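Listed here are the chains, written in short residue letters.
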Amino acid sequence: MGAIHPGEGFVSLGTSGVIFLATAQFQPDTSRAVHAFCHALPQRWHQMAVMLSAASALRWAVHLTGQRDEATLLALAADLSPHQRQAAPFFMPYLSGERTPHNDPHATGALVGLTHDHGPADIGWAVIEGVSFGLLDGWQSLQARRVPGSAPLGLVGGGGRSGLWATLLATALGEPLALREGGDVAAARGAARLGWLAAQGDPAAVFARDARQARVVEPDSALALGLAARYDRFRRLYPALRTWRDAP
């Protein structure tokens, strides 16, 4: 992805979810389960916020609601009115436990606030919103160590093919997201670059041919206000559900 300078990074919206930020020094935060490792390039480090269920949660919702595929469920969610989105249930995206920021392998998922009025579209929206909120938890755990003027965060992974989800995620994070051509094969591209770097040893040459930027998805100001109110409620659910789960 070419995230090599401090403050540059990307979001991976695949089976699991990752926010990656390049850093100039080692910046761990074990209290929030922030991953901190050496970068692939010398004299550099990186931080990661990791959630264990991202696009895989949408696949789960497809099976749950009996839809044909993810695109079908996302199309239903896209047709919801702003009022319906505000009235949707909340989804806790912890189907496989969670890392950042809860570091809780026993965390479980939940749909909270279901009524007779809710159907597949509402559940689809709740799931992509809940995953986006989970990534926002991770983003805040990184303390947004971005350098002013840095390029937009890249967006890769299968979930990034959805314009609806990309806009929702950009709005939740409050950051523009760059969708790059070849983002669906970013892992293979990265492996090839590392091989090239090992053979040639010149990072400037290796990263000169960056993937062409297809488009930038900006946060939606009309959506942001409603998301802020729902995120506040979302954040209160995990500790409440954990207290219930751990009660004797």
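Relevant structure appears above.
Residues numbered from 1 in each chain as written. Predicted model: local features only at pLDDT ≥ 70, side-chain atom pairs only at ≥ 80, totals over all residues. Heavy atoms only, no water.

Chemist: What's the story with the overall build of the chain in this structure? I'm lost.
Modeler: Secondary structure assignment for the chain yields 8 helices and 9 strands. Taken over the C-alpha trace, the chain has a radius of gyration of 18 Å; the compact-globule value for 248 residues is 18 Å, and the two agree within 12%. For the chain, the spread of C-alpha atoms along the principal axes amounts to about 60 × 40 × 30 Å. Considering the chain as a whole, with its 248 residues, one finds that 48% of them fall into the buried category. Within the structure as shown, the chain displays about 12000 Å² of accessible surface, and the carbon and sulfur contribution to it stands at 56%. Mean positive and mean negative side-chain charge positions of the chain (21 and 20 charges, respectively) differ by 4 Å. (Helix = DSSP H or I, 4+ residues; strand = E, 2+ residues; numbered from the N terminus. Rg over C-alpha atoms; globule rule 2.2 N^0.38 Å. Buried < 20%, exposed > 50% of the residue type's maximum accessible area, 1.4 Å probe, protein only. Areas by Shrake-Rupley, 256 points an atom, 1.4 Å probe, with all protein chains shown as cover. Lys, Arg positive; Asp, Glu negative; His and termini not counted. Charge placed at Lys NZ, Arg CZ, Asp CG, Glu CD.)

Chemist: What am I meant to see in the pairing of strand β7 (residues 153-156) here?
Modeler: Side chains Leu153 and Leu155 of β7 all project onto a buried face; the interleaved residues Gly154 and Val156 project onto the opposite face, where all are buried too. Alignment of strand β1 (residues 9-13) against β7, held across 3 bridges, turns out to be parallel. From the neighbouring strand, Ser12 faces β7, where its bridge partner is Val156. By the bridge criterion, 3 bridges tie β7 to strand β8 (residues 177-180) in an arrangement that is parallel. Note on β8: the bridge partner recorded for Leu155 is Leu179. (Pairing = 2+ DSSP bridges.)

Chemist: Help me understand unusual backbone geometry in this model?
Modeler: The phi angle of most residues is negative, glycine excepted, and most peptide bonds adopt the trans form. The omega torsion across Thr100 and Pro101 is 5 degrees, close enough to zero to call that bond cis. Secondary-structure assignment places Pro101 in the loop between β5 (90-92) and β6 (110-112). Phi is positive for Ala33, which is not a glycine, with a value near 55 degrees. When you line up the elements, Ala33 lands in the loop between β2 (17-23) and β3 (35-38). Relative accessible area serves as the criterion here: at 11%, Ala33 is assigned to the buried category.

Chemist: I'm lost on the nonpolar core in this one. Help?
Modeler: The biggest cluster of nonpolar side chains holds 54 residues, and the ones touching the most others in it are Val11 and Trp125. Residue contributions to this core peak at 11 residues, all from helix α4 (residues 120-141). In contact with Trp125, other than residues within four places in its own chain, are Ala77, Leu80, Arg85, Ala88, Leu164, Leu168 and Leu223. (Core = buried A, V, L, I, M, F, W, Y, C linked by side-chain atoms within 4.5 Å. Contact = heavy atoms within 4.5 Å.)

Chemist: Can you help me understand helix α6 (residues 186-200) in this one?
Modeler: Across its 15 residues, α6 extends 20 Å between first and last C-alpha, which sits within 8% of the 21 Å expected from 1.5 Å per residue. Taken together, the buried positions of α6 are Ala186, Arg193 and Leu197. The buried residues of α6 occupy one face: seen down the axis, they fall within an arc of 40 degrees. Facing away from the buried side of α6, by more than 90 degrees, are the exposed residues Ala187, Ala188, Ala192, Ala198 and Ala199. Looking at the residues trailing α6, positive phi occurs at Gly201, about 75 degrees. (Expected span 1.5 Å × (residues − 1). Arc of directions from axis to C-beta.)

Chemist: Even after reading the chapter, I still don't get the pattern of salt bridges, so can you show me in this structure?
Modeler: Close approach of charged atoms lets side chains of opposite charge pair. Under the defined criterion, the tally for this structure stands at 9 salt bridges. Put simply, Arg68 and Asp69 hold a salt bridge, and the shortest N to O gap is 3.8 Å. Residue classification places Asp69 among the partly exposed residues on the basis of a relative accessible area of 25%. Residue Asp232 is joined to Arg236 by a salt bridge in which the shortest nitrogen-to-oxygen separation is 2.6 Å. Of the two residues, Asp232 and Arg236 are both situated in helix α8 (residues 221-246); the distance of 4 residues between them amounts to about one turn of the helix. Connected via shared salt-bridge partners are Asp104, Arg242, Arg245 and Asp246. (Salt bridge = Lys/Arg side-chain N within 4 Å of Asp/Glu carboxyl O.)

Chemist: I tried to follow the pairing of β2 on my own but got confused; where do I start?
Modeler: Looking down a regular strand, the side chains alternate between one sheet face and the other. Taken across its 7 residues, β2 has 7 buried, putting it largely inside the fold. Side chains of β2 alternate between two faces, with Gly17, Ile19, Leu21 and Thr23 and Val18, Phe20 and Ala22 buried alike. Across 5 bridges, the pairing between β1 and β2 is antiparallel. Each bridged residue has a counterpart across the sheet, and for Phe10 the counterpart in β2 is Phe20. Linkage of β1 to β2, two consecutive antiparallel strands, is achieved through a turn of 3 residues. In the sheet, β2 pairs with strand β4 (residues 45-51) via 7 bridges, with the strands oriented antiparallel. When the sheet's bridge partners are listed, Ala22 is paired in β4 with His46.

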